[in-house]
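Structure assessment
Next come the chains, spelled out residue by residue.
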Amino acid sequence: MAAEFIPEAEPLHPRDNYLNVRYGVGSWLLTRDHKRIALLYLASITFFFFLGGLFALLIRLELLTPGGDLVQSETYNKLFTMHGVVMIFFFLIPSIPAVLGNFLIPMMIGAKDLAFPRLNLLSWYIYIVGAAFTMWAVVHGGVDTGWTFYTPLSTAAANGHVVATAVGIFITGFSSILTGLNFIVTIHTMRAPGLTWFRLPLFVWSHYATSLIMVLGTPVIAVTLLMVGVERIFHLGLFDPALGGDPVLFQHLFWFYSHPAVYIMILPAMGVISEVVTTFSRKNIFGYRFVAFASVAIAVLGFLVWGHHMFVSGQSVYAGMIFSLLSFLVAIPSAIKVFNWTATMYRGSISWRTPMLYAFGFIGLFTIGGLTGLFLATLGVDVHVHDTYFIVAHFHYIMVGGAIMGYLGGMHYWWPKISGKMYPEGWARFAALIVFIGFNLTFFPQFVLGYLGMPRRYHAYPPEFQVLNVMSTAGASVLGVGYVIPMIYFAWSMRYGKNAPANPWRSTGLEWQTTSPPPTENFPVPPVVTSEPYVYATESEVVG
Amino acid sequence: MADPRRLPHGEDGGPATGPGYLQHHFESLVQQKDASSLGMWLFLVTEILFFGGLFLVYTIYRWSYPLAFADASRHMDVRLGTTNTAVLIISSLTMAMAVHSAAAGRRRLIIPFLAATMLLGTTFLGIKAIEYTEHIRHHLFPGPWFHYPGPQIHARPAELFFSLYFAMTGLHALHMVIGLGILSVLVVQSRRGRYTGQWHTPIEMSGLYWHFVDIVWIFLFPLLYLIGRHVH
Ligand code: HEM
Ligand SMILES: [Cu+2]
């Protein structure tokens, strides 16, 4: 995107960027700068990522052997519940939006900040308060309902701190509502002169779609958890079958949010991939409008398919058939994106930098995850594999293979902008490879296990499943190493990394047209946009 | 101030002339106002979905147990409910007047109208508290103490009805309490002379919120109090 000015990488003067304008704890905890708030989120979600990882490690260790030897079944139930709760609500949902989205959206649209800087800071505090409740529950013995909180297990039977955990998720939900609201308002009202909707980077489009889901879906999970809470505390019988209430109604409400929520996790990653693929292929994105509208289509269709989680929950066969059909439809916009990224790379001048490696990983793994989603959306197949390891493999291919790869790719791509330092390319490529190998070793065997009939959420299994489980546990250890390495070199680069130029990737995005790291106001002069978002080679120039 | 869209910026990033209402990251007061309105409307959309979950549960159970719901609804005090409805509608009027006074620059009138709104809001909550006490006294609060005085065949779905009644009106009352909190902030700020005919966005936005909470009650009232009147 050609802005009016293109500052060169200037030598750093003290106190000229958002990181060094002010020092001290107060300057961080009271900041209203979207870039600093992004870093607050980065620190918090990194903590939860490793906490969730710790639970995962214990789960995998238990499953190393067929017998239930490391932990009792009650403890195991708590482990997978806390793993799911922490990873989904406290890591993956805020991950890309609250860190990269927060940092980049104002810069990509040429604004000085988000529309509501104070709400933005508030959203982080709300997140922390919610996290505190959930952490309290973890420390005091955890919960064992699964991250899905199905009634009447959660309302009447479950041991453990259902209410504290639910309150934590309820509160954190408002942080995601505020983030989404802030993004939508910002994108509507604060675009730089000349920045029309179809000049917006695809990262912004995908965050717009994500924000729609956050704003429209999150209140529903909030009120649903509220109902579970009052049922447990005050004995209001909202889902109580003893009173003629309907526990399956809870599932409807839960999945009305939680299916769209899976798109909260994947859409931002798709935004990252769109930026990375076009930059490192040095070719304009293929079918810009299709990719942009596909994001919105995914957000809209995502609200219509929740019933595919309930094929065997006693919903009518007709409802099941409709939900099955609608679920197939969501695959169309997802596939459009995959095809367009591939077409973008076709005859592009591809460079094998780390962000691009993650993009390759994303495209392959997301495709596998999405295609197995279609298996599951097929009513007859799902009756067999529902609640088996096949499901576990499916969503980990998307959430870990897709979303986390997108997150890591994005972190590498924008790290020079965020920190003003380059990460070590060799180590980064090595880690990306480790992540890819570790991931597939962990989760591919789970497809097979599920297909062979190993159910999820049990701490023991028949001995014939052991070989595949050992592979999976071994893979998890490799994957863990792959995640720790970037942590180390990112921290290392803050001090010892080479200074980053303003635009190390020769990208045409607006966020690269200012210094690295940017000044608090993002741009020394408010930019005016005069061209399309991607100004690389066009299709006809390359393909002829 | 010829063109409010392009106020010159002062040292602190605010406009060089006039009060410093323009936050540093906006280009103009119009842009700032647009952002606030859009943000508020979006917030109200989230509120609709929030209450929507409960309304959905209500709809499904009422559809499943129409007779029991009608019967249970006869244990509501329609007179108090009607009074409360009137109280809230009038409070919406006084709130609208407060916004109007602010927009017309009649700053002296803002506080009386806000105070009247708060008084009516408090009245509503008082009457609600009387109703709650009565219900609890008659063992209509769900749980181990629940005892249904009507036909026993309806007893269990009636407990569902009262669960919904307490959940929905309780959540509504909570919104009223938050609304009163917001209004008291507005009163304090008005006394400091914060609001002018040109800039009174907080009053306008709070007005939207107050009307929203009012409208929720307009739905709750017939659904909870009046269904017994037409199903026999
Ligand atoms: C291509 C579109 C997709 C389709 C058609 C699809 C289909 C399905 C179906 C039918 C199930 C239910 C299986 C069962 O429980 O028996 C399921 C489960 C799941 N999917 Fe997907 N999916 C898709 C994309 C995604 C995405 C993008 C994510 C996450 C980023 C995701 C995450 C999940 C999760 C977390 C579960 C399991 C929830 C649980 O029971 O704990 N899916 N998917
Ligand atoms: Cu789903």
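Residues numbered from 1 in each chain as written. Chains lettered and ligands numbered in written order. Predicted model: local features only at pLDDT ≥ 70, side-chain atom pairs only at ≥ 80, totals over all residues. Heavy atoms only, no water.

1. Some points on the coordination of the iron atom of ligand 1
All names here are of chain A. Donor atoms from the protein around the iron atom of ligand 1 number only one, His 394 (NE2), found at 2.2 Å. Between the iron atom of ligand 1 and the copper ion (ligand 2), a spacing of 4.3 Å is present. Among the structural elements, His 394 can be located in helix 14 (residues 389-419). (Donors = N, O, S within 2.8 Å, 3.2 Å for Na, K, Ca; no water. Helix = DSSP H or I, 4+ residues; strand = E, 2+ residues; numbered from the N terminus.)

2. Section: the interface of chain B and chain A
Taken residue by residue, the interface counts 37 residues in chain B and 39 residues in chain A. Three residues stand out in chain B for area buried against chain A, namely B:His25, B:Leu49 and B:Phe50, and they jointly supply 19% of the buried area on that side. B:Glu27 is the salt-bridge partner of A:Lys112, the closest N and O atoms lying 3.5 Å from each other. Where chain B meets chain A, there are eight residue pairs in polar contact (both at pLDDT 80 or more). Taken together, the elements giving at least two residues each to the side of chain B that touches chain A come down to helix 1 (29-64) and helix 5 (155-191) of chain B. Top contributing element to the side of chain B that touches chain A by residue count: helix 1 of chain B, with 18 residues. Its residues assigned to classes, the side of chain B that touches chain A comprises 23 nonpolar, 10 polar and four charged. (Contact = heavy atoms within 4.5 Å. Buried area = accessible area lost by both parts, 1.4 Å probe. Salt bridge = Lys/Arg side-chain N within 4 Å of Asp/Glu carboxyl O. Polar contact = N/O pair within 3.5 Å; in protein donor to acceptor, adjacent residues only side chain to side chain. Nonpolar A, V, L, I, M, F, W, Y, C, P; charged D, E, K, R; others polar.)

3. Observations concerning the packing of aromatic side chains
The geometry of two aromatic rings is summed up by the distance between their centres and the angle between their planes. Residue and element names in this part refer to chain A. Counted according to the given criterion, the structure contains 70 aromatic pairs over all chains. Measuring from ring centre to ring centre gives 5.4 Å for Tyr 413 and Trp 512, while their planes differ by 65 degrees; the resulting arrangement is edge-to-face. Taken together, the positions of Tyr 413 in helix 14 and Trp 512 in the loop between helix 16 (466-496) and helix 17 (539-543) put the pair 99 residues apart, joining distant regions of the chain. Under the relative-accessibility criterion, Trp 512 is labelled buried at 1%. One Lys or Arg, Arg 36, reaches over the ring of Trp 28 and ends 4.1 Å from the middle of that ring. Between Arg 289 and the ring centre of Phe 198, over which it is positioned, the NZ or CZ distance is 3.7 Å. (Phe/Tyr/Trp six-rings, centres within 6.5 Å; stacked < 30°, edge-to-face > 60°. Buried < 20%, exposed > 50% of the residue type's maximum accessible area, 1.4 Å probe, protein only. Lys NZ or Arg CZ within 6 Å of the ring centre and 35° of its normal.)

4. A short note on the packing of helix 7 (residues 162-189) of chain A against helix 1 of chain B
It is the contact of helix 7 of chain A with helix 1 of chain B, at a shortest axis distance of 9 Å, that shows an interaxial angle of 140 degrees. Between helix 7 of chain A and helix 1 of chain B, the angle falls in the class oblique. Considering how the two elements wind past one another, helix 7 of chain A and helix 1 of chain B form a crossing that is right-handed. Contacts between helix 7 of chain A and helix 1 of chain B involve A:Phe170, A:Phe174, A:Ile177, A:Leu181, A:Ile184, A:Val185, A:His188 and A:Thr189 on the former and, on the latter, B:Gln31, B:Asp34, B:Ala35, B:Leu38, B:Gly39, B:Leu42, B:Phe43, B:Thr46 and B:Phe50. Tallied by class, residues from the contact of helix 7 of chain A with helix 1 of chain B come to 11 nonpolar, five polar and one charged. (Axes fitted to C-alpha atoms, helices over the stretch in contact; angles between N-to-C directions. Parallel < 35°, antiparallel > 145°, perpendicular 65-115°, else oblique. Left-handed = near helix turned anticlockwise from the far one by under 90°.)

5. Looking at helix 11 (residues 317-345) of chain A
If you check helix 11 of chain A, its first and last C-alpha atoms are 43 Å apart, about what 29 residues at 1.5 Å a residue would give, namely 42 Å. Two residues or fewer after helix 11 of chain A comes A:Arg347, characterised by a positive phi angle close to 60 degrees. (Expected span 1.5 Å × (residues − 1).)

6. Focus: the site of ligand 1
All names here are of chain A. Contacts to ligand 1 come from 20 residues, most closely from Trp 147, Asp 382, His 386, His 394 and Arg 456. At a separation of 2.4 Å, an oxygen atom of ligand 1 approaches a polar side-chain atom of His 386. Within the side chain of Arg 456, one N or O atom sits 2.9 Å away from an oxygen atom of ligand 1. Mapped onto the shell around ligand 1, the elements with two or more residues apiece are helix 9 (247-281), helix 12 (354-377) and helix 14. If you tally residues by element for the shell around ligand 1, the top one is helix 14, at five residues. A per-class count over the shell around ligand 1 returns 11 nonpolar, seven polar and two charged. (Near = heavy atom within 4 Å.)

7. Observations regarding the confidence of the model for chain A
Residues and elements named next belong to chain A. For chain A, mean pLDDT is 93; residues scoring 70 or higher make up 97% of the total. The least confident element of chain A, judged by mean pLDDT, is helix 17 at 73; the most confident is helix 15 (residues 425-452) at 98. This stretch, residues 1-6, has a pLDDT under 50; its non-local contacts, to residues over four places away or in other chains, come to 28 contacts. (pLDDT = per-residue confidence, 0-100.)

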